[in-house]
Amino acid sequence: HENHWIFWFLTIPIAIYIFRIIDRKKYLIKLQNGEYVSLGKVENCLKDHSLVTNVCVIADSSKTFCVALVVPDISSLGDSAQKLNLNTYLNTSTQELYENSTLVRYITSLLFNHGFQAGLKKFEIPKSIALISTPWTPESGLVTATFKLKRKLIQERYEIIIDSLYAQEFSGDPSNLKVKDAWNE
C-alpha cells in the first residue's frame, strides 16, 4: 500500500502555464481575412516613433486592413516636410501641411517600417493614415484624464476621414500608396 502512494506522487504530470495578457477583448478585432488585431498593441508600438504624439488605430471587421488617425509631433512633422522639400507648405497654413499627400505617404511608410521592425505583422500595421492637427486632450473630450483614448467619440468625430481612409486605393505596400485627397474634394 505504501509503495502505491509513492508511485502516484511520482507520476503526477507537472505543467507550467504562462499567460500573457494581450489586450482587452473589446480592443481585439477580427479582420475579414480572419486575423486578429490588438488595437492597443499596435498603438503602443506606433507611439514609440518620434513623429507620433498620439494615435488611434481603427479596424473594421468587414475590411482586411486597419487604418490610423495620427496626431503628429509638429516639430518632427516640419523636419519631415523639409526632407521632402515641402518648404512652401511650411510657410503657409499648417492644415495644408497635414493634408499634403506626399507627406502623408512618407509618414505612412515610416510608420509601416517602424511597426514591421518592432515585430508587428503586416496585417496589424495601418495601411492608411490621416494626420490630425488638433491635439487630443481631456478638454477636447477625446481622451480621459489619464489620456486613454475614447474610441467611440474619436470614431464619431472623424467618421468622414475614417471612411475616406478605407476608400483609398493602395497597392499593399505603403510606400506605393495612391492617396486620394478626400479633404479637398
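First, a word on scope: everything that follows refers to the structure included in this document. From a predicted model like this one, the values you see are computed outputs, not experimental measurements.

1. Considerations on the packing of aromatic side chains
In this structure the tally under the stated criterion is 3 aromatic pairs. Taking the centre distance of 5.2 Å and the plane angle of 50° together, the rings of F65 and Y166 count as tilted. Here Y166 lies in helix α8 (residues 159–167) and F65 lies in the loop between β3 (52–59) and β4 (66–72), a separation of 101 residues in the sequence. Judged by relative accessible area, F65 falls into the buried class, the value being 9%. Summarising the aromatic geometry, the rings of F112 and F116 are spaced 6.5 Å apart at their centres and angled 5° between planes, so their arrangement reads as stacked. Of the two residues, F112 and F116 both sit in helix α6 (residues 101–117), 4 residues apart, roughly one turn of that helix. Owing to a relative accessible area of 9%, F112 belongs among the buried residues under this scheme. With a relative accessible area of 46%, F116 lands in the partly exposed category. We note K122 situated over the ring of F116; from NZ or CZ to the ring centre the distance is 5.9 Å.

Parameters at a glance
Residues numbered from 1 in each chain as written. Predicted model: local features only at pLDDT ≥ 70, side-chain atom pairs only at ≥ 80, totals over all residues. Heavy atoms only, no water. Phe/Tyr/Trp six-rings, centres within 6.5 Å; stacked < 30°, edge-to-face > 60°. Helix = DSSP H or I, 4+ residues; strand = E, 2+ residues; numbered from the N terminus. Buried < 20%, exposed > 50% of the residue type's maximum accessible area, 1.4 Å probe, protein only. Lys NZ or Arg CZ within 6 Å of the ring centre and 35° of its normal.

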